[in-house]
Amino acid sequence: MIILQVLGSIIVVFLLLNVVLYFIEPSLIAISFSLILRLFNKNPPIVDLDTHFKAHELLRDNWELIRDELTEVMRVEKDIPKFHEVDKIQRFINDGDKSAWRVFMFMAYGNWQEENCARAPKTAELLKQIPGITTAMFSILGPHKHIPPHNGFYKGVYRYHLGLVIPKEGECYIVNGGQRYDWKEGEDILFDDTYKHAVWNKTEETRVVLFCDIFRTDMPKVFQPINRWVYGLREKSKRLKSVIKNAEVQVDLEARQG
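The following paragraphs examine the structure supplied in this document.

Rules used throughout
Residues numbered from 1 in each chain as written. Predicted model: local features only at pLDDT ≥ 70, side-chain atom pairs only at ≥ 80, totals over all residues. Heavy atoms only, no water. Helix = DSSP H or I, 4+ residues; strand = E, 2+ residues; numbered from the N terminus. Buried < 20%, exposed > 50% of the residue type's maximum accessible area, 1.4 Å probe, protein only. Contact = heavy atoms within 4.5 Å. Areas by Shrake-Rupley, 256 points an atom, 1.4 Å probe, with all protein chains shown as cover. Pairing = 2+ DSSP bridges. Axes fitted to C-alpha atoms, helices over the stretch in contact; angles between N-to-C directions. Core = buried A, V, L, I, M, F, W, Y, C linked by side-chain atoms within 4.5 Å. Patch = residues over 30% accessible without salt bridge, like charges linked within 9 Å, V, L, I, M, F, W, Y side chains within 5 Å. Salt bridge = Lys/Arg side-chain N within 4 Å of Asp/Glu carboxyl O.

1. Remarks on the overall build of the protein chain
1) Next: Each helix and strand in the protein chain was counted, giving twelve helices and eleven strands.
2) Next: Within the protein chain, the fraction of its 258 residues that count as buried is 49%.
3) Next: Nonlocal contacts in the protein chain, meaning residues at least 24 apart in sequence, comprise 78% of its contacts between residues at least 6 apart.
4) Next: Accessible area of the protein chain: about 13100 Å², with a carbon and sulfur share of 58%.

Rendered as structure tokens:
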């Protein structure tokens, strides 16, 4: 009886806390929801692509087409915003050294960046064929860039990387949950970023991957609509509204190329 009373009290406090969060900062509910998911979803740091993201084949099979559009985008690399310029919360992992981590966003937290999509239309068309994508971008890591260890806070998505431009000489890799992965051009990986992970580009060259977050489909069915609802609360966040605004590349690529 006492155990049930304690459990009931915990549930009531948990629900009240989330009501408070809803009115203060709705996106923070994602953190409490992630704690619940941890109880029901046990998965390794790196997960099987064909099982959890079958649609990756569309991207991988067209990786050279995507890379060709990336080449055009990279003509104005210095005009592509750094990640912490798009999302200020990224400053603590992105602004610690002189090398840049830049992001060319197609979709920012569920919102398509149509001006950016128009600058790489074939890539955007491929991405728009895939349901469940919540974020998509070219992730551009400068030479000798290191992203220190950190944890993603939302367990409702998996993270996808497709190698597009990978340094030929030297080490360039991610360690996620103690497992190391070295990027290769035309090859992809799916992982759970809520494990502690860090990135190293120990080369003189730039590394670029197509970076996507996708809704997980391996959770209990009752959680799947809740997952999408919780993620949708981000649109109410003032911080994420700012991210969406900052995600557009503020430059005329065609004029610069001419």
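Picking up after the structure, the text goes on.
2. Things to note about the sheet that holds strand S1 (residues 46-47)
Across a sheet, paired strands are connected by hydrogen bonds in the backbone, their directions being either parallel or antiparallel.
1) Next: With antiparallel pairing, the seven strands of this open sheet are ordered in space as S1-S9-S6-S11-S4-S2-S3. The open sheet has two edge strands with one neighbour each: S1 and strand S3 (111-112).
2) Next: Note: strand S4 (residues 133-141) against strand S11 (residues 207-215), eight bridges, orientation antiparallel. Residue pairing across strands places Leu 141 opposite Arg 207, the latter belonging to S11.
3) Next: Helix H10 (residues 223-232) contacts S4, strand S6 (157-165) and S11 of the sheet and is inclined by roughly 120° relative to S11.

3. Looking at the nonpolar core
1) Next: Ranked by size, the top nonpolar core spans 31 residues in total, and within it Leu 59, Phe 106, Phe 138 and Leu 210 carry the most contacts.
2) Next: Counting only elements with at least two residues in this core, the list comes to helix H5 (63-73), strand S2 (101-108), helix H9 (121-128), S4, S6 and S11.
3) Next: Contact partners of Leu 59, with chain neighbours within four places excluded, come to Phe 53, Ile 66, Leu 126, Leu 127, Ile 130, Tyr 160, Leu 162 and Leu 210.

4. Structural notes on a nonpolar patch on the surface
1) Next: Together, Ile 31, Leu 35 and Phe 153 make up an exposed nonpolar region whose accessible area comes to about 270 Å².
2) Next: If you trace the backbone, Leu 35 turns up in helix H2 (residues 29-40).
3) Next: The exposed category is assigned to Leu 35, whose relative accessible area is 52%.

5. Remarks on the environment of Pro 149
1) Next: With respect to the element layout, Pro 149 can be found in strand S5 (residues 146-150).
2) Next: Sequence spacing of Pro 149 and Val 199 is 50 residues, and the spatial spacing of their C-alpha atoms is 7.8 Å.
3) Next: When residues no more than four places from it in sequence are discounted, the contact partners of Pro 149 are Lys 196, His 197 and Ala 198.

6. Section: unusual backbone geometry
1) Next: Positive phi values are uncommon outside glycine, yet Tyr 109 reaches one of about 50°.
2) Next: Along the chain, Tyr 109 turns up in the loop between S2 and S3.
3) Next: Assessed through its relative accessible area of 12%, Tyr 109 is described here as buried.
4) Next: Located in the positive-phi region is His 144, a residue other than glycine, with phi close to 60°.
5) Next: Structurally, the position occupied by His 144 is in the loop between S4 and S5.
6) Next: His 144 gets classed as partly exposed once you look at its relative accessible area, which sits at 46%.

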